[in-house]
Amino acid sequence: MADTDLNDAAPSRAGRLAKQVGGTVFTLLITFIGLLAVPFFISRVVPTDPVMSILGARATQAQIDATRTALGLDRPMWEQFGIYVWNALQGDLGTSIRTKAPVIDEIARYFPATLELSTIATIIGMLVGVPAGILAATKPGSLFDQVVRLVGLMGYSMPVFWLGLMGLLIFYGQLGWVGGPGRLDAAYDMMMQFEVEAYTGMILIDTALNGRWDIFQNALSHIILPAALLGYLSMAYISRMTRSFMMNELGQEYITTARVKGMPEVRVIWVHALKNVMVPLITVVALSYSFLLEGAVLTETIFAWPGLGRYITDALLVADMPAVLGGTIVVGAVYIGINMFSDLLYRLVDPRAK
Amino acid sequence: MTYLPFARHAGAAGLAALLMGAAPVALFAETPADTLVIAEAIDDIVSLDPGEAYEFSGLDLINNTYDGLVEINPTTLEMEPGLAESWSVGEDGMTYTFKMKAGITFSSGNPVTADAAAWSLQRAVKINKTPAFILNQFGWSAENVDSMITASGDTLTLKVDKPYAPTFLYNCLTAGVASILDAEVVKTHDVDGDMGGVWLNSNSAGSGAYTLKSFKPNEGYILEMRPGYWRGDAKLAKIFMMHVPEAATERLQLEKGDIDIARTLTPVELEGMAANADVKIQKDVGGQVYYLSFNQKNENYKNAKFLDAMRWAVDYQGMADTIMKGTVIPHQSFLPKGYLGALDDLPYSLDIEKAKALLAESGIAAPTVKLSVRNSADRMDVAQSIQNTFGQAGITVELDVGEGADQLKAYRARLHDATLQTWGPDYPDPNTNSSTFAENPDNSDEANNTGYLAWRNAYDPGAMTAESQAAVLERDPAKRVAMYAALQMKHRETSPFIVMFQQARNTGVRATVQNFYTGGAVDAAAYWLVTK
C-alpha cells in the first residue's frame, strides 16, 4: 500500500480516471505492437520460404521472382512491417498465402468454432472443478480428496491425443452416445450451410436463433465429447487450484472464529471461505479459458474441428505467415480481452480492488 | 457430510445434460442416400483454378467439375475423346486439329466451343502458374500462344514447336491444367487481369458432372450434380468432402457409417478393419515411386559391379509386405505401372550370395554407404531394412537421419552420398519421369540442373539423354513404347538408381459403395460413377 501524504492535494476523480484510461490505452498499444512485431520478425527470419511452399519444387526462377514481388517480400523488412501494421489497423490482416482468401474472413470462420468449443469446455471445467476442489479441501486426505487428486493428475498427465481417441472409440464408436468428428453430420452440415442464416458462426447459437432444433441437437451431440475432453483438462487444473486456495482459506483465523460462533459448516465453506477464494479463482478460470482458445490443436485435429488453433498450426507448417500473424493477433486480443474482463470481475467480488 | 447432497445433484445434472445432447444421435448415423460422404486430408489444396491447381485433392475436385479435350476413362484408365470428338496431326507433325463435339454445354448452359477451348489453354499459359510448364513444353508462351492456339468454327488448331510424339501432347492434354473453362462466364469475373483466378477458387465453370457448391479451405467442399452431363448424369446428387486429417478418426467414421469413403488410411487402420464386413478395402496404385540413389561424385558409385551388388541386396518383397504393409508394391523401373511403356517385371530380388560375389568382383573392399533418410517412421524402417541386408552382403550403411526439407536441399545441391527418396510424376506421359531419371544434358556443377534427378546424383546417362529426347519425338506409338522399355531396362541395369517400390493406394469404402475409381497413377478420382 502506497502511503499518501495527507498534505498533498488528492488528484481529482476525473484526472485519476483519465490517467487510468490513458495508462490502459498505452499498455494496450504497446502490447499490440509487440503482438504484431514479434511474430512478424520471427516469420521473416525463419528459413522456411513461403514462395517455395506456394509454388512447389518445379517452379521456374521467373515464377519465383514474380510471386516474391506480388507478396511484397522483396521490400525492406521495416517497410513490410509498416505496411502490415497500417493494414492491420484498418482491419485488413492480409491474404492467406495458401488459400488466397482474406485472413480476416478465415478467422471469422474458425474463431467461432473455437469459441463455442472452449466456452462449453470452460463451463464444464468450472462447474465440476470448483465444487470438486472445495469438497476435497474440506476433507483433506479423505477418499473423495484422493479421487479428485487422482482424476486431476490423470487430466494433467495423459496425452490429450490418446484421451481424445479413446473417448471417440468408446462414446462414438462403441456406445454411439455422441456424434463423431466434425461439427455436424454431413446431412446437417449441408442444411446448416444452405438453410440457416448464420449470425455468429457458432452453430448452437445460430440454430437456436433460427429455431432449427434438429440441427441444434446434432451440433450438441458433436460438441459434447470434445468439450467434455477439454473441460476435463481444465477441470483438472481448476480443481487442483481451488483445493489449494480453499485449504489456505480454511486455515485462516476468521474461519475458526465463524466455526466457534457455531455457524453451520455449509455456510462457513460456501459463503465465507468461497468469497475469498473467488478472486484467485477468477484468474485461474480466465487463464484456462484463454489457453483453450488457442491451445486445443491436438483436440481439434482428432475431432476434425475447424478451430483457430489448428488453423494457426496448419498455416505455420507451410509458412503461411499472414495467416499465422492474423491468428496470433486475434488470440492475443482475446487474451487481453479476457484479462480485462477478469479485472472487472475482481472489482465486483472484492470491494478492496475498487 | 452436509456437502454430499450437492455433489449428488451436480452429478445427476451433469449426466442428464450429457444424455440430453447424446440421445437423439443414434437415429442419424447413416449418410444421406443421395450424397457421397468422403473423408480425406485435403489441406494440400492451394487452388481450385484449373490453371493453378497442382495438388492431389484439388485435381480430384477439378476432374469432377471440368473436362479436357482428351480424357482418361476412369474404369479402364485408357485415353478417350473428351470434349473433342476427333483429332488429327498434320504431315509436319507440328499442327494438330481437334474437332469439338457438338451439343455439350457447360453447367451455365453455355455451349462448349472451340473458342472456349482455345481461350482456356491460352489462359493457362498466360497466367503461368506452377502447372503451366506442362503446356509450355510444346513451345507455348504468353507471347506466342494466341497464334499457336486458334479456333475456327468447331475446330481447334494447336501448333507446336517440334514434331513431338502425338501421344505426348494427348497425354498432357488430359492433365488438369488443360481443362476447358466456360470462357464467357470466367471473363466476367476478371479482377485486375487475373483472368478469373480469384473467382475460380470458390466457383467452378466447367462442363463436368458436378458443380462446386461450397468450398471451405481445410474444412471441406460440397459438389452438386448437374443434369445433362455428356458422359451420363452423375449417380449421386451430392458429394460431401470432409477434411479429416487424422487416419484413426477416419476409420472410426467409416466403421460407424458416418462417411462412405475414407482416403487417408494408414496400414494400422487397414489391419484393424480387415474383419469388418461393413467395410471393404479397395486397392490400386498411385504414381509415386520409391528409390535409392547414389551420388557419383563418390567414385565407388561408378563401379557397375558394386551398383549391381547393391541391387541384389535389397529385400523388395519383404519390405513391401512387412514394413510398408501394402502401401507400396515392388516396382523396379522408373515409369510407374499405368504409364505408357511402363515395365512391370521384377528382375531383381534379395540374393545375398549373389550380392557378395558381385561385391568381390567389384574390387571395392569394405565399402560404406552414407544413406540420407528423412525422419519419418516408414522411411526409417525401410532404411534399416536396407542397412540390414546390405550389411549381410558386406556393405556398411551409415544412416544420416534428418528433416525432409533439409535432406531435399542437400540432395538438390548434390551434397548427399546416397539417399532414399520418392518421386511423383508431374503429368500423365512417360516423358515426365524419363526426362528426369534418364536425361542430364549438362552434368557440370555450374549447370545446376536440379530438375533432373540424374544431375542431382552427378550421373551422366550418356546416350540415354538423346534416346529419351528422341522418344518424346517418336510419332509411332508402338515404337515409342519400345523405346521407353529399352530405356528403362538400360537405366535399371546401369544407373546409380535403384527403384524399389511404387505407391499403392488403399481406400476404405462402405460395403455398399460401388464404382469409386481413384484414377490410378495417371488420373484423378471420378465421383460421378459412384453408387451406394
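1. Regarding the overall build of chain A
Now for step 1: If you tally the helices and strands in chain A, you get 15 helices and 0 strands.
Now for step 2: Each principal axis of the C-alpha atoms in chain A carries an extent, and together these give about 85 × 70 × 40 Å.
Now for step 3: Across the 354 residues of chain A, 40% fall into the buried class.

2. What about the overall build of chain B?
Now for step 1: The number of helices and strands found in chain B is 19 helices and 17 strands.
Now for step 2: Relative to the 2.2 N^0.38 estimate, which gives 24 Å for 532 residues, the radius of gyration of chain B is 26 Å and therefore close to what a compact globule would have.
Now for step 3: Overall, the C-alpha framework of chain B stretches about 85 × 80 × 40 Å when taken along its three principal axes.
Now for step 4: Out of the 532 residues belonging to chain B, those deemed buried represent 51%.

3. Examining the domain arrangement of chain B
Residues and elements named next belong to chain B.
Now for step 1: According to the domain assignment, chain B consists of domain 1 (47–201) and domain 2 (285–503).
Now for step 2: Here the C-alpha centroids of domain 1 and domain 2 sit 34 Å apart.
Now for step 3: With 14 residues of domain 1 at the contact, the number on the domain 2 side is 13 residues.
Now for step 4: With 5 residues, helix α6 (residues 166–173) is the single largest residue contributor to the side of domain 1 that touches domain 2.
Now for step 5: Its residues assigned to classes, the side of domain 1 that touches domain 2 shows 9 nonpolar, 4 polar and 1 charged.

4. Re helix α18 (residues 463–471) of chain B
All names here are of chain B.
Now for step 1: Turning to α18, its buried residues are M464, S468 and A471. Buried residues of α18, viewed axially, fall in a sector of 60 degrees; they line one side. Across α18 from its buried face, at more than 90 degrees, point the exposed residues A463 and A466.
Now for step 2: Contacts made by the buried residues of α18 are with α16 (431–437) and α19 (477–494).

5. Considerations on the sheet that holds strand β4 (residues 84–89) of chain B
All names here are of chain B.
Now for step 1: The sheet built from 4 strands is open, its strands ordered β4-β5-β7-β6 with antiparallel pairing. The open sheet terminates on both sides in strands that have one partner only, identified here as β4 and β6 (149–152). Ignoring strand direction, the axes of neighbouring strands in this sheet form an average angle of 20 degrees.
Now for step 2: Bridge analysis of β4 against strand β5 (residues 95–100) gives 5 bridges, and the strand direction is antiparallel. Looking across to β5, one finds that S88 is bridged to T97.
Now for step 3: Packed on one face of the sheet, helix α3 (residues 114–127) meets β5, β6 and β7 (155–159) and runs near 170 degrees to β6.

6. Quick look at unusual backbone geometry
Of all residues except glycine, most have a negative phi; of all peptide bonds, most are trans.
Residue and element names in this part refer to chain B.
Now for step 1: Phi is positive for M195, which is not a glycine, with a value near 50 degrees.
Now for step 2: For M195, the location among the structural elements is in the loop between α7 (183–187) and α8 (197–200).
Now for step 3: Taking the C-beta count within 10 Å as the criterion, M195 has 23 such neighbours and is therefore assigned buried.

7. A closer look at the environment of K235(B)
Residues and elements named next belong to chain B.
Now for step 1: For K235, the position within the fold is in the loop between β9 (220–225) and β10 (238–243).
Now for step 2: When the C-alpha positions of K235 and P428 are compared, they lie 27 Å apart, and in sequence the two are 193 residues distant.
Now for step 3: Setting aside chain neighbours within four positions, we find K235 in contact with W528, L529, V530 and T531.

8. Section: the nonpolar core
Now for step 1: In terms of nonpolar packing, the biggest core is built from 234 residues, with A117(B) and L135(B) touching the most fellow members.
Now for step 2: Here the element with the most residues in this core is helix α10 (residues 213–250) of chain A; it accounts for 20 residues.
Now for step 3: Once residues lying within four places of it in the same chain are set aside, the contact partners of A117(B) are L69(B), L83(B), M100(B), A151(B), L156(B) and I180(B).

9. Re helix α14 (residues 377–392) of chain B
Residue and element names in this part refer to chain B.
Now for step 1: The terminal C-alpha atoms of α14 lie 23 Å apart, and with 16 residues this matches the ideal 22 Å at 1.5 Å per residue to within 8%.
Now for step 2: Every buried residue of α14 is accounted for by V382, A383, I386, T389 and F390. Angularly, the buried residues of α14 cover 135 degrees about the axis, an arc narrow enough to put them on a single face. Those residues of α14 that are exposed and angled more than 90 degrees off the buried face are A377 and N388.
Now for step 3: Turning to α14, the residues buried within the fold contact α11 (304–311), α12 (316–323), β14 (368–374), β15 (396–402) and β16 (418–423).

10. A short note on the domain arrangement of chain A
Residues and elements named next belong to chain A.
Now for step 1: On domain assignment, one finds that chain A holds domain 1 (13–89) and domain 2 (103–353).
Now for step 2: Relative placement of domain 1 and domain 2: their C-alpha centres are 31 Å apart.
Now for step 3: Tallying the contact residues gives 12 residues for domain 1 and 10 residues for domain 2.
Now for step 4: Counting only elements with at least two residues in the side of domain 1 that touches domain 2, the list comes to α1 (13–45) and α2 (50–55).
Now for step 5: No other element matches the 7 residues that α1 contributes to the side of domain 1 that touches domain 2.
Now for step 6: Taken together, the residues of the side of domain 1 that touches domain 2 sort by class into 7 nonpolar, 4 polar and 1 charged.

11. Quick notes on the confidence of the model for chain A
Note that predicted coordinates carrying low pLDDT should not be read in detail.
Residues and elements named next belong to chain A.
Now for step 1: In this model, chain A carries an average pLDDT of 83, and 92% of its residues clear a pLDDT of 70 or more.
Now for step 2: Mean pLDDT values over the elements of chain A span from 69, in α2, up to 92, in helix α9 (residues 203–210).
Now for step 3: Predicted confidence for residues 1–9 stays below pLDDT 50, and this span has 0 contacts to residues more than four positions away or in other chains.

12. What about the packing of α9(A) against α10(A)?
Residues and elements named next belong to chain A.
Now for step 1: Two elements in contact, α9 and α10, have axes separated by 8 Å at closest approach and are oriented at 165 degrees. With respect to α10, the element α9 is oriented roughly antiparallel. Of the two possible hands of crossing, α9 and α10 adopt the one that is left-handed. Together, I203, L204, T207 and A208 of α9 and I215, F216, A219 and L220 of α10 make up the contact between the two elements.
Now for step 2: Partitioned by chemical class, the residues of the contact of α9 with α10 number 7 nonpolar, 1 polar and no charged.

13. Some remarks on the environment of D194(B)
Residue and element names in this part refer to chain B.
Now for step 1: Inspection of the secondary structure puts D194 in the loop between α7 and α8.
Now for step 2: For D194, a count of 13 C-beta atoms within 10 Å puts it in the partly exposed group.
Now for step 3: A sequence separation of 112 residues divides D194 from F306, and the C-alpha atoms of the two residues are 54 Å apart.

14. Some words on the pairing of strand β12 (residues 279–294) of chain B
Residue and element names in this part refer to chain B.
Now for step 1: Bridge analysis of β12 against strand β17 (residues 497–510) gives 12 bridges, and the strand direction is antiparallel. Among the inter-strand pairings, V285 is bridged to a residue of β17, identified as A504.
Now for step 2: When β12 meets β16, the two strands line up antiparallel, connected through 6 bridges. Across the sheet, S293 pairs through a bridge with T419, a residue of β16.

15. Concerning the confidence of the model for chain B
Now for step 1: The predicted model of chain B has a mean per-residue pLDDT of 91, with 95% of residues at 70 or higher.
Now for step 2: What the predictor reports for the complex is a pTM of 0.83 with an ipTM of 0.76.

16. Here we look at the packing of helix α7 (residues 160–174) of chain A against helix α9 (residues 247–256) of chain B
Now for step 1: Where α7(A) contacts α9(B), the two axes come as close as 11 Å, and the packing angle between them is 5 degrees. In terms of orientation, α7(A) and α9(B) fall into the roughly parallel class. Where α7(A) abuts α9(B), its residues L165(A), L168(A), L169(A), Y172(A) and G173(A) lie against A248(B), T249(B), L252(B), E255(B) and K256(B).
Now for step 2: Here the residues of the contact of α7(A) with α9(B) sort into 6 nonpolar, 2 polar and 2 charged.

17. Examining the environment of D321(B)
Now for step 1: Within the secondary structure, D321(B) sits in helix α12.
Now for step 2: Each C-alpha atom, one on D321(B) and one on I127(B), is 45 Å from the other, the two residues being 194 residues apart in sequence.

18. Section: the pairing of strand β8 (residues 210–216) of chain B
All names here are of chain B.
Now for step 1: The pairing of β8 with β9 spans 6 bridges and is antiparallel. Note that in β9 the partner of L212 across the bridge is L223.
Now for step 2: Adjacent in sequence and paired antiparallel, β8 and β9 are bridged by 3 residues, among which N218 carries a positive phi angle near 60 degrees.

Definitions and limits used
Residues numbered from 1 in each chain as written. Chains lettered and ligands numbered in written order. Predicted model: local features only at pLDDT ≥ 70, side-chain atom pairs only at ≥ 80, totals over all residues. Helix = DSSP H or I, 4+ residues; strand = E, 2+ residues; numbered from the N terminus. Buried ≥ 20, exposed ≤ 12 C-beta atoms within 10 Å, placed from the backbone. Rg over C-alpha atoms; globule rule 2.2 N^0.38 Å. Domains from an automatic or database assignment. Contact = placed C-beta atoms within 7 Å. Nonpolar A, V, L, I, M, F, W, Y, C, P; charged D, E, K, R; others polar. Arc of directions from axis to C-beta. Pairing = 2+ DSSP bridges. Axes fitted to C-alpha atoms, helices over the stretch in contact; angles between N-to-C directions. Core = buried A, V, L, I, M, F, W, Y, C linked by C-beta atoms within 7 Å. Expected span 1.5 Å × (residues − 1). pLDDT = per-residue confidence, 0-100. Parallel < 35°, antiparallel > 145°, perpendicular 65-115°, else oblique. Left-handed = near helix turned anticlockwise from the far one by under 90°.

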